[in-house]
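Chains, contacts and geometry: an overview
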Amino acid sequence: MIMKQYYPGNDALVFLSGQLDKDESVSSSHWKHFHRDFRLGADGTPEGFQGFGGAARPYRGIRSIAHWILQSPYRRLGRNFSSFERIHRAGQAIAAAQGRAYDLDILRQVLTVSFLTEQRLFTLPVESAVVIGDGFACMATLLLATGFAKRVFLVNLTKTLIVDLVYFEKWARTTKAMQFAVATDKPGLVQAARSGFDLVGLQASNQNLISALKAKVVINIASMQEMNQEIIARYFKGMRAMKSIPAPYFYCCNRLEKKLPDGKLIRFVDYPWSPS
């Protein structure tokens, strides 16, 4: 079978569904553990996914009040950023469109986008941003919904990428404008971008393609800590080879260290940072 260079919309989900049985050599023991129960239901809906946040139904009654109170310290943090309330409302709208509770996972992403917006390191909106790892496409969707980025390239393992795109589509349907695709090679990446797709997905096995991108910022939150060290090194190599001038900013928020199920210890200081 000859693969297309990129797959738009539902074709992307059909393509990724056909890739589920393929072994992803870039997957660590962490994801082999958390993807063990992943499957697609009869209607194509992802089931048995875990390891990247929750997708609980919207809170009601007492639970809603309790979560609102427990989240108050984080909202107070948000008051340090003039853009927080606007981005906070966007996060709530995304959660509503996706049929998800506005939980702490979303609020933390809202705080991150608020923080990056306040830094004024670049003119917004940026033409392109790259998100390495995401859960329910939360960060990728926030970047588009808030006008932070005109286009987002999202890299993830196949199973998680399916979940990302399914949940992105739930929100995109409410906008009647946002479109997504999955690219499988460099020509497809270029074509998908030129064709105006707002979100372009890349399988982690094709991570080398990020070197062909021009991006102002690359974001990774709590997923490099779940990769094998050699895979982390590949991402750094790809970022350093990007066509961006000047080089992109890299926002990296991960644990100081994390032990994977196979005993490997992944340490933040061991990422291949430049000496400076």
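To be clear, the structure that these remarks concern was listed above.
Residue positions are given per chain, counted from 1 along the sequence in the order it is written. Per-residue local features are limited, in this predicted model, to residues with pLDDT of at least 70; the limit for side-chain atom pairs, both in listing and counting, is 80 or more; totals at the level of whole chains, interfaces and linings are taken over all residues. Excluded from the side-chain calculation are hydrogens and water; included are all heavy atoms of the structure.

To continue, consider the pattern of salt bridges. Every case where a carboxyl oxygen of Asp or Glu lies within 4 Å of a side-chain nitrogen of Lys or Arg is listed as a salt bridge. Under the definition given, this model contains seven salt bridges. Of the charged contacts, one joins D262 and K264 as a salt bridge, the two residues approaching to 4.0 Å between their closest N and O atoms. For each residue, the accessible area found with a 1.4 Å probe, counting protein chains only, is set against the maximum for its type, and the residue is called buried under 20%, exposed over 50%, and partly exposed in between. On the basis of relative accessible area, D262 is assigned to the partly exposed category, the value being 43%. Residue K264 is classed as partly exposed on the basis of its relative accessible area of 36%. Of the charged contacts in the structure, one is a salt bridge between D270 and R267, with a shortest N-O distance of 3.2 Å. For D270, a relative accessible area of 38% puts it in the partly exposed group. Each member of the salt-bridge network shares a partner with another, and the members are E257, R267 and D270.

Glancing now at the nonpolar core. The term nonpolar core refers to a set of buried residues drawn from Ala, Val, Leu, Ile, Met, Phe, Trp, Tyr and Cys, joined through side-chain atoms within 4.5 Å. Grouped together as the largest cluster of nonpolar side chains are 85 residues, with contacts concentrated most on V130, L143, F148, L165, L199, M224 and Y235. With nine residues, helix 8 (residues 158-175) is the single largest residue contributor to this core. For L199, the residues in contact, after removing those within four places along its chain, are A140, L144, V152, L154, L165, F168, Q179, F180 and A181. Secondary structure elements are defined from DSSP: runs of H or I of at least 4 residues count as helices, runs of E of at least 2 residues count as strands, and each element is numbered from the N terminus. Here, residues are in contact when the closest pair of their heavy atoms is within 4.5 Å.

This paragraph deals with the packing of helix 5 (residues 84-98) against helix 7 (residues 138-145). Only C-alpha atoms enter the line fits that serve as axes; for helices the fit covers just the stretch in contact. Angles between N-to-C directions range over 0 to 180 degrees. Viewed as axis vectors pointing N to C, helix 5 and helix 7 meet at an angle of 125°, and their least axial separation amounts to 10 Å. Between helix 5 and helix 7, the angle falls in the class oblique. In the packing of helix 5 onto helix 7, the handedness of the crossing is right-handed. Contacts between helix 5 and helix 7 involve I87, A90, G91 and I94 on the former and, on the latter, T141, L142 and A145. Three classes are used, and their members are as follows: Ala, Val, Leu, Ile, Met, Phe, Trp, Tyr, Cys and Pro are nonpolar, Asp, Glu, Lys and Arg are charged, and the others, Gly among them, are polar. Its residues assigned to classes, the contact of helix 5 with helix 7 shows five nonpolar, two polar and no charged. Between 65 and 115 degrees an angle is taken as roughly perpendicular, under 35 as roughly parallel, over 145 as roughly antiparallel, and anywhere else as oblique. Crossings are sorted by hand: turned counterclockwise from the far helix by less than a right angle, the near helix makes the crossing left-handed, and turned clockwise it makes it right-handed.

In this section: unusual backbone geometry. Here the residue pair L124 and P125 is connected by a cis peptide bond, since its omega of 0° sits within 30 degrees of zero. Among the secondary structure elements, P125 is positioned in the loop between helix 6 (104-119) and strand 4 (126-132). In this structure, P246 follows I245 across a cis peptide bond, with omega equal to 0°. Topologically, P246 is positioned in the loop between helix 10 (229-240) and strand 9 (249-253). A positive phi is found at R120, a non-glycine position, where the angle reads about 55°. Tracing the backbone through its elements, the reader meets R120 in the loop between helix 6 and strand 4. Its identity as a non-glycine residue notwithstanding, A222 has a phi of 55°, on the positive side.

When the centres of two rings from Phe, Tyr and Trp lie within 6.5 Å, Trp using its six-membered ring, the rings pair. Their planes under 30 degrees apart give stacked, over 60 give edge-to-face, and anything left gives tilted. This model, assessed by the stated rule, comprises 17 aromatic pairs. Judged by centre distance (5.6 Å) and plane angle (90°), the ring pair of F236 and F250 falls under edge-to-face. Of this pair, F236 sits in helix 10 while F250 sits in strand 9; the two residues are 14 residues apart in sequence, bridging distant segments of the chain. Taking the relative accessible area as the measure of exposure, F236 reaches 4% and is therefore buried. Classification of F250 by relative accessible area gives partly exposed; the value is 23%. Ring geometry for F236 and Y271: centres 6.3 Å apart, planes at 65°, overall edge-to-face. In this pair, F236 sits in helix 10 while Y271 sits in the segment after strand 11 (265-267), placing the two residues 35 residues apart along the sequence. The same class applies to F236 and to Y271, which are both buried. Aromatic ring contacts, followed pair by pair, group F236, F250, F268, Y271 and W273 into a single cluster. Taking the ring centre of W68 as reference, the NZ or CZ of R75 above it sits at 3.5 Å. Here, a charge over a ring is recorded when the distance from Lys NZ or Arg CZ to the ring centre is within 6 Å and its angle to the ring normal is within 35 degrees. Here K170 stacks its cationic end above the ring of Y167, 5.4 Å away from the centre of that ring.

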